[in-house]
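Descriptive analysis of the structure
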Amino acid sequence: MENNREENIYRLDGRVPLQKAIPFGMQHVLAMFVANLAPVLIVCSAAVVRGSGEHLSSAEITQLLQCAMFAAGIGTCLQLYPIWKIGSRLPIVMGVSFTFLGSLLIICTNPELGYEGMVGAVILGGIFEGLVGLSARYWKRFLTPVVSACVVIAIGLSLLSVGMDSWGGGSGVEDFGAWYHLFIGLFTLIVCLVSRYLLKGVYKNLNILVGLIAGYLLSVVFTAADIAPMIDFSGISRTIQEVGIFSIPKLVFFTGHKPVFDLGAFCTIAIVFLVSAAETTGATTAVCTGALGRDIRIEELQGSLAVDGFSSAISGCFGCLPLTSFSQNVGLVTMTRVINRFTLLMGVLILIAASLFPPLGAFFNSLPQAVLGGCTVMMFGSIMYEGIKMLKECTFDDRTMTIVSLAFCVGVGLTQTSGNFFSAFPKEVGDVFNGNAVAGVFVVALVLSLVLPKKEKSSTV
């Protein structure tokens with residue numbers, strides 16, 4: 001009986017012993033924790049209060065970080081254990097999305113809209129995407145296998161620079177590429193690899209957690225010995241001073257920043273929600289093909305996209321940013337094949353606890369970027385690998401070659417140009433396509449898949 005419970009960790013359903021469920025769940029939380037909070041810090045630090053032009057206070061931003069953890073926990077619970085048609089019953093972790101960064105900054109820094117206008121746009125946009133998700137059965141046929149494969153590969157490609165930025169110490173830091181960041185990242189990666197091949201049975205899939213712990217401990221040594229400033233322990237005490245030891249996340253309607261619903265702000269963000277839907281479609285497909293070894297079902301796609309939208313609306317109600325399926329955790333699932341929903345629920349409970357006890361969240365947030373980089377580079381590569389496997393199932397003919405070649409040439413190429421390719425267009429267009437390879441790849445692949453003629457007999461290339 002005990003052996004069956006341990007094997008359940010590789011199955012969607014079934015109880016897993018807590019001594020296994022907790023560390024595997026913790027592994028998911030640590031893999032996404034910092035990336036879940038970074039967009040909130042960037043956007044809310046730049047946001048202005050509508051009408052006054054003042055910025056949000058430090059205490060307010062700290063509370064929004066707390067809300068981000070809480071909303072991500074609620075969204076993940078909906079994915080794991082659906083309500084009605086909202087949820088996929090798949091091991092998908094939700095988190096705050098980087099995809100919306102450019103559009104949100106445009107809205108929240110506009111004095112006439114400000115932070116309140118951004119929150120209103122997030123709520124409306126989330127409802128919009130949720131309705132699009134619930135109608136997935138009517139447009140699913142347009143997402144052909146080659147389009148899905150291209151999107152999954154693009155997600156993997158777009159994350160590679162994220163992993164390397166983390167390894168170097170974090171995007172935008174003054175000491176980026178310093179020897180201690182590179183050393184800590186390399187040490188963490190080596191520990192992950194060694195653990196994967198030395199640990200036995202189910203424990204080998206805890207290699208990411210082992211690497212995170214080892215890298216964190218070495219960072220503590222470096223900081224304590226004054227070798228390198230790897231960890232800012234003062235952040236925990238600042239958090240206690242600003243919001244206390246225990247705090248319940250507050251709905252934005254009961255604060256001094258009630259949302260403002262503006263049609264222009266909604267239109268600005270609506271197209272980005274469609275891009276987020278494409279990313280979630282690719283991520284959900286990758287979980288099904290990579291971890292479950294089967295094609296995605298329409299009910300799963302419908303439920304996953306519904307959560308993507310409606311959980312974003314819930315996040316907006318807490319004054320926070322939109323949520324999406326976290327590719328970091330998709331990579332973790334496809335690499336370890338640990339898909340048990342109860343196990344992920346343990347991680348979600350830890351995440352929610354971190355939102356209720358801000359010092360706990362501040363402790364998790366102290367995890368150095370270099371440690372995350374050493375752990376995530378292999379996970380991100382595994383997403384691209386799953387996309388290549390999906391592409392292998394497609395017919396290799398001239399039509400497929402044209403779709404794949406142009407989709408990646410245009411979609412990825414737009415992110416590598418020396419200037420703003422869409423300078424003649426509204427700024428929102430450039431924000432969507434210049435900085436997001438997934439958006440360009442998805443649009444080009446989808447359009448070509450619809451317009452290029454299909455041949456009954458094609459010669460294989």
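Let me sum up the structure you'll find in this document.

Conventions adopted
Residues numbered from 1 in each chain as written. Predicted model: local features only at pLDDT ≥ 70, side-chain atom pairs only at ≥ 80, totals over all residues. Heavy atoms only, no water. Helix = DSSP H or I, 4+ residues; strand = E, 2+ residues; numbered from the N terminus. Buried < 20%, exposed > 50% of the residue type's maximum accessible area, 1.4 Å probe, protein only. Areas by Shrake-Rupley, 256 points an atom, 1.4 Å probe, with all protein chains shown as cover. Core = buried A, V, L, I, M, F, W, Y, C linked by side-chain atoms within 4.5 Å. Contact = heavy atoms within 4.5 Å. 1 Å grid on protein atoms, 1.4 Å probe; cavity = no way out; pocket = protein on both sides within 12 Å on 5 of 7 lines; lining within 4 Å. Points joined across faces, edges and corners; volume = space filled by probe spheres on them. Nonpolar A, V, L, I, M, F, W, Y, C, P; charged D, E, K, R; others polar.

**Quick word on the overall build of the chain**
The number of helices and strands found in the chain is 19 helices and 2 strands. Dimensions of the chain, computed from the C-alpha atoms along their principal axes, are close to 70 × 60 × 45 Å. Scored against the burial criterion, the 461 residues of the chain give a buried share of 58%. Summing over all exposed atoms, the chain offers an accessible surface of approximately 19200 Å²; the carbon and sulfur share of this is 66%.

**Some words on the nonpolar core**
In this structure, Tyr 115 and Met 118 are the most contacted members of the largest nonpolar core, which totals 142 residues. Dropping the residues within four chain positions of it, Tyr 115 is found in contact with Cys 44, Ala 47, Val 48, Leu 56, Leu 64, Cys 108, Val 252, His 257 and Gly 319.

**Examining unusual backbone geometry**
Phi at Arg 89 takes a positive value of approximately 65 degrees, unusual for a residue other than glycine. Looking at the element boundaries, Arg 89 is found in the loop between α3 (58-80) and β1 (94-96). By relative accessible area, Arg 89 is classed as partly exposed at 40%. Positive phi values are uncommon outside glycine, yet Asp 226 reaches one of about 60 degrees. Within the element layout of this structure, Asp 226 appears in the loop between α9 (207-224) and α10 (234-243).

**Overview of empty space enclosed by the protein**
According to the stated counting rule, one finds 2 cavities of 30 Å³ or more in the structure shown. The calculated volume of the largest cavity comes to roughly 80 Å³. Lining the largest cavity, in full, are Gly 25, His 28, Val 29, Met 32, Thr 76, Val 93, Asn 329, Leu 344, Gly 347, Val 348 and Leu 351. Counting only elements with at least two residues in the lining of the largest cavity, the list comes to α2 (18-46) and α14 (341-356). Residue composition of the lining of the largest cavity, by class: 6 nonpolar, 5 polar and no charged.

**Looking at the environment of Ala 277**
Looking at the secondary structure, you find Ala 277 in helix α11 (residues 263-292). Judged by its relative accessible area of 8%, Ala 277 falls in the buried class. Separated by 145 residues in sequence, Ala 277 and Val 132 have C-alpha atoms that sit 8.7 Å apart. In contact with Ala 277, not counting residues within four places along its chain, are Glu 129, Leu 305 and Asp 308.

**A word on the side chain of Ser 97**
Mapping Ser 97 onto the fold places it in the loop between β1 and α4 (101-108). The residues touching Ser 97, leaving out its near neighbours within four places in the chain, are Pro 39, Pro 322, Leu 323 and Thr 324.

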